[in-house]
Amino acid sequence: MLARVLSCTVFGIEAFAVEVEVDIANGLPAFSIVGLPDTACRESLDRVRAAIKNSGIVFPSKKITVNLAPAHLKKEGPGFDLAVAVGILAANENVPKESVEGKVFCGELSLDGKVRPISGVLPRAAFLAQEDAGAFYLPGPNLKEAMCVSGLELFPLKTLAELIAHLKGEKILTPHFSKGAVPEIISQEHHLDFSDIQGQWQAKRGLEIAAAGGHNVLMMGPPGAGKTMLAKRFPSILSTMTLEESVETTKIHSVAGLLVKRGTLLGERPFRDPHHTISSIAMVGGGSHPKPGEVSLSHHGVLFLDELAEFRRNTLEVLRQPLEEGRITISRAAYTMTLPARFTLVAAMNPCPCGYFTDPKKECNCSSVQIKNYLSKVSGPLLDRIDIQLSVPRLKAAEILEKNAGAE
């Protein structure tokens, strides 16, 4: 017997439809999955078998073949567990085939039949709403995330057993109709306000201009001058995100599994602060399982690179395309992927290896050659893409306490 069930998956930050075809034939018991599944997707065979058995259904002792179409696109993650299980039940006539037609199933199964949450539900919901898909069956914890998109009929699930009862007409689940959501400001840490900064009027003026015009900024000064403090408070003077910006940013964080609170659109512009040991792949994204990098996670927000000269040169050079075009194209042997990456770069660095060149209080111990080599770690093409370069000196206590200095 053959059954077809609809599902969808995410590549980059965009979703696409996947048709799960299940064929059950006579022969030696076997269970295989084809259609370029990755390891996590291939392991769904064991999860699905145990989940069906523990839901009170006898697993068929026949030759079972599962095909994930289109077969030329790689399928990743455990999000197909639910669709594969429903396909097996429909092909084995445990549930009516007409009860699954035109419906979309996404979710991970545990061995006892519980439906576990998955990442990337928001891009899936946005795709299904655009395609005018039918009912969307998804894990219960992902419901609020899918409710952010309007125009969907949603069925949140707790267990595979309740889905079986629903498809057989024994216990009908109550649908939820999504109406969309408004951005909500959610933050993991206390709010840092730009108005708290005392002194550094020239640097503050430069950052205000950068915020108004969307310019990239490089701050240079000795340790303790306040470069990091200025950068961390920079997002507080940026404009509020529009609904379109909020949806696009939330989609990226949903795919990366970084949503702090499910079911809300991000209302704060992201602030990313990667360590200087970060690799180029982590910076731009990609990998064997393509994921957004730091440049995409800071989309519509701020990417702060502290100690800029300490970053690997190849890591800095990959920033050229996103700084120029607002997107990053990742080309690998198996795939090519384009991700949005329109951010404001705020960088900070010392003027020399010891950090005290030009400092009036502490003497610099670096030679002219060391200073030249240190500054040359940041290439000219990258500096050409940084519009504003600020000198941030270390201030005296009196200059910090003087409220009106440079205010005019």
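Everything in this summary refers to the structure shown in the same document. (Residues numbered from 1 in each chain as written. Predicted model: local features only at pLDDT ≥ 70, side-chain atom pairs only at ≥ 80, totals over all residues. Heavy atoms only, no water.)

Spatially, S14-S17-S20-S12-S21 is the arrangement adopted by the five strands of the open sheet, whose pairing is parallel. What marks the edges here is a single partner per strand, and that holds for strand S14 (271–272) and strand S21 (388–391). With two bridges connecting them, S14 and strand S17 (residues 302–306) associate as parallel partners. Note on S17: the bridge partner recorded for Phe271 is Val302. Contacts from helix H7 (residues 201–213) reach strand S12 (217–220) and S21 within the one sheet, and its direction differs from that of S21 by about 165°. (Pairing = 2+ DSSP bridges. Helix = DSSP H or I, 4+ residues; strand = E, 2+ residues; numbered from the N terminus. Contact = heavy atoms within 4.5 Å. Axes fitted to C-alpha atoms, helices over the stretch in contact; angles between N-to-C directions.)

This part takes up the nonpolar core. Burial of nonpolar side chains together is a common tendency in soluble globular proteins. If you look at the biggest cluster of nonpolar residues, it comprises 51 residues, and the most contacted ones within it are Met283, Val295, Leu303, Leu305, Leu308 and Leu319. With five residues, helix H4 (residues 121–130) is the single largest residue contributor to this core. The next biggest cluster of nonpolar side chains, apart from the first, holds 43 residues, and it includes Val48, Phe59, Ala83 and Leu157. (Core = buried A, V, L, I, M, F, W, Y, C linked by side-chain atoms within 4.5 Å. Buried < 20%, exposed > 50% of the residue type's maximum accessible area, 1.4 Å probe, protein only.)

Moving on to the pattern of salt bridges. It is possible for side chains bearing opposite charge to pair when their charged atoms get close. Counting across every chain of the model gives 13 salt bridges. When the shortest N-O distance is used, the salt bridge between Arg4 and Glu21 registers 3.4 Å. Here Glu21 lies in strand S2 (residues 14–25) and Arg4 lies in strand S1 (residues 2–11), a separation of 17 residues in the sequence. By relative accessible area, which is 47% here, Arg4 ends up partly exposed. Between Arg205 and Glu208 there is a salt bridge, with the nearest N and O atoms lying 3.9 Å from each other. On the criterion of helical spacing, the pair formed by Arg205 and Glu208 is a turn pair, its members being three residues apart in helix H7. The class of Arg205 is exposed, set by a relative accessible area of 51%. With relative accessibility at 35%, the residue Glu208 sits in the partly exposed group. (Salt bridge = Lys/Arg side-chain N within 4 Å of Asp/Glu carboxyl O.)

Taken as a whole, the second largest pocket spans an internal volume of roughly 390 Å³. In terms of lining, the second largest pocket is formed by 19 residues, of which the most central are Gly214, Gly301, Arg342, Phe343 and Thr344. Mapped onto the lining of the second largest pocket, the elements with two or more residues apiece are H7 and helix H13 (320–325). Broken down by element, the lining of the second largest pocket gets its largest block of residues, four residues, from H13. Looking at side-chain class alone, the lining of the second largest pocket contains seven nonpolar, seven polar and five charged residues. (1 Å grid on protein atoms, 1.4 Å probe; cavity = no way out; pocket = protein on both sides within 12 Å on 5 of 7 lines; lining within 4 Å. Points joined across faces, edges and corners; volume = space filled by probe spheres on them. Nonpolar A, V, L, I, M, F, W, Y, C, P; charged D, E, K, R; others polar.)

Taken by themselves, the reported measurements are silent on function.
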